[in-house]
Amino acid sequence: MRPKGIIIAIDGPTASGKSTTAKLVANALGYLHLNTGAMYRAVALLADKEGVTEADGRLSDLLKQAEITFEATGAVCLNGRNISADIDSLEIALRASELSTIGFVREHLVERQRKIARDGGVVLEGRDIGTVVFPDAELKIFLVADPAARAVRRQHEMEEHGRHIAIEEMKAQLAERDKRDRERKLSPLKKADDAIEIDTTSLSIEEQVQKVIDLARSVSK
Ligand code: DC
């Protein structure tokens, strides 16, 4: 059984370092890592596979039947199948951003996130964790980074998956997604008033992870 502990909320724009930080902090503390973006991506994958659009009433039913779970490794599963590789594309990311503007999609996923994480000992990463999902989280982090640095990071990640994307295109895609995530009516990407902002532009991964671990230890005392 995982040890009880605090709830750590990590929010921030795309490629600000959330996933890497959340994963390594969770490993170091023996916490669960909950990547909420992967849940929105799972919905996008499902909708695309079934040819369901926002306009058609089937999305709500589809969502109710979908079982989104996580393996101990953090891999996300849809109806029991590991879909981590399938959701790791720019197309699915954009689609997830579009579908995340729909109220019932958010309500459904937020309810699941609260259920999985309510006992603590968890690092959740997303856009609305500190503001909406767990406004009482003991530690809230808001990661930011320079747009150019974020585009380069994401470009390298895509290259590791064998896909070359020109830096200008990458920047444009990040800007489009950020804009939608920040400007949507429901639970927009926003720093919670009591979140601690960390700029990861010139930090190493070790440094950003250590900062969050130190903060977690100081609030758990
Ligand atoms: O973190 P990510 O890039 O995998 O997220 C994909 C999209 O899902 C993101 O552009 C917006 C949406 N999302 C959200 O609205 N709320 C969250 N808590 C996490 C992701």
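Before any of the text, the structure's been laid out above.
Residues numbered from 1 in each chain as written. Predicted model: local features only at pLDDT ≥ 70, side-chain atom pairs only at ≥ 80, totals over all residues. Heavy atoms only, no water.

1. A closer look at the environment of Ser-202
What counts is decided by this rule: In DSSP terms, a helix is any run of H or I states spanning at least four residues, a strand is any run of E spanning at least two, and both are numbered starting from the N terminus. Only protein chains enter the accessibility calculation, which uses a 1.4 Å probe. A residue is then buried if its area is under 20% of the maximum for its type, exposed if over 50%, and partly exposed in between.
Relative to the helices and strands, Ser-202 resides in the loop between strand E8 (196-199) and helix H9 (205-220). We classify Ser-202 as exposed; its relative accessible area is 69%. Between the C-alpha atom of Ser-202 and that of Ala-72, which follows or precedes it by 130 residues, the distance is 31 Å.

2. Here we look at the sheet that holds strand E7 (residues 139-144)
Remark on secondary structure: sheet strands pair via backbone hydrogen bonds, oriented parallel or antiparallel. Quick note on the threshold: Strand pairing follows a simple DSSP-based rule, namely that at least 2 bridges must link the two strands. To define axes, lines are fitted to C-alpha atoms, for helices over the stretch in contact only, and angles between the resulting N-to-C directions are given on a 0 to 180 degree scale. Only heavy atoms enter the contact rule, under which two residues are in contact if any of them lie within 4.5 Å.
One open sheet holds the five strands; their spatial order is E2-E6-E1-E7-E8, and the pairing between them is parallel. In this open sheet, the two edge strands, each paired with only one partner strand, are strand E2 (32-35) and E8. Taken over all neighbouring pairs, the strand axes of this sheet differ in orientation by 20 degrees on average, direction set aside. Here E7 pairs with E8 via four bridges, running parallel. Considered in E8, the bridge of Ile-141 is made with Ile-196. Of the strands in this sheet, strand E1 (7-11), E7 and E8 touch H9, which is tilted by about 165 degrees from E7.

3. Things to note about the environment of Met-170
When you line up the elements, Met-170 lands in helix H8 (residues 167-183). Met-170 sits in the buried class, given a relative accessible area of 0%. Through-space distance from the C-alpha of Met-170 to that of Arg-153 is 9.9 Å; in sequence the pair is 17 residues apart. Ignoring any residue separated from it by four or fewer positions in sequence, one finds Met-170 in contact with Leu-90, Ala-151, Arg-154, Gln-155 and Ile-165.

4. Thoughts on the sheet that holds strand E5 (residues 81-82)
Judged by pairing direction, the sheet is antiparallel, and its three strands sit side by side in the order E3-E4-E5 without closing on themselves. Each edge of the sheet is formed by a strand with only one pairing partner; in this case those strands are strand E3 (68-70) and E5. In terms of strand pairing, strand E4 (residues 76-78) meets E5 through two bridges, oriented antiparallel. Counted as the bridge partner of Cys-77 is Asn-82 from E5. The sheet contacts of helix H2 (residues 36-50) involve E3, E4 and E5, and relative to E3 the element is tilted by about 135 degrees.

5. Brief notes about the site of the ligand
Definition in use: Here a residue counts as near a molecule or strand whenever at least one of its heavy atoms sits within 4 Å of it. Between N or O atoms, a polar contact is any pair within 3.5 Å; within protein, one atom must be a potential hydrogen donor and the other a potential acceptor, and residues adjacent in sequence are included only when both atoms are from side chains. Working definition of accessibility: Shrake-Rupley area with a 1.4 Å probe, residue cover restricted to the visible protein chains. Throughout, the ten residues Ala, Val, Leu, Ile, Met, Phe, Trp, Tyr, Cys and Pro are labelled nonpolar, Asp, Glu, Lys and Arg are labelled charged, and all others, Gly among them, are labelled polar.
By nearness alone, 14 residues border the ligand, and Arg-41, Arg-106, Asp-128, Asp-181 and Arg-184 come closest of all. Arg-106 places a side-chain nitrogen or oxygen 2.8 Å from an oxygen atom of the ligand. Measuring from a nitrogen atom of the ligand, one finds a side-chain N or O atom of Asp-128 at 2.8 Å. Starting from 450 Å² of accessible surface for the ligand in isolation, the protein chains cover 96%. Those elements giving two or more residues to the shell around the ligand turn out to be H2, helix H4 (90-99) and H8. Counting residues per element, the shell around the ligand draws most heavily on H2, which supplies four residues. Across the shell around the ligand, the residue classes tally to two nonpolar, five polar and seven charged.

Bear in mind that shape data such as this cannot, by itself, settle questions of function.
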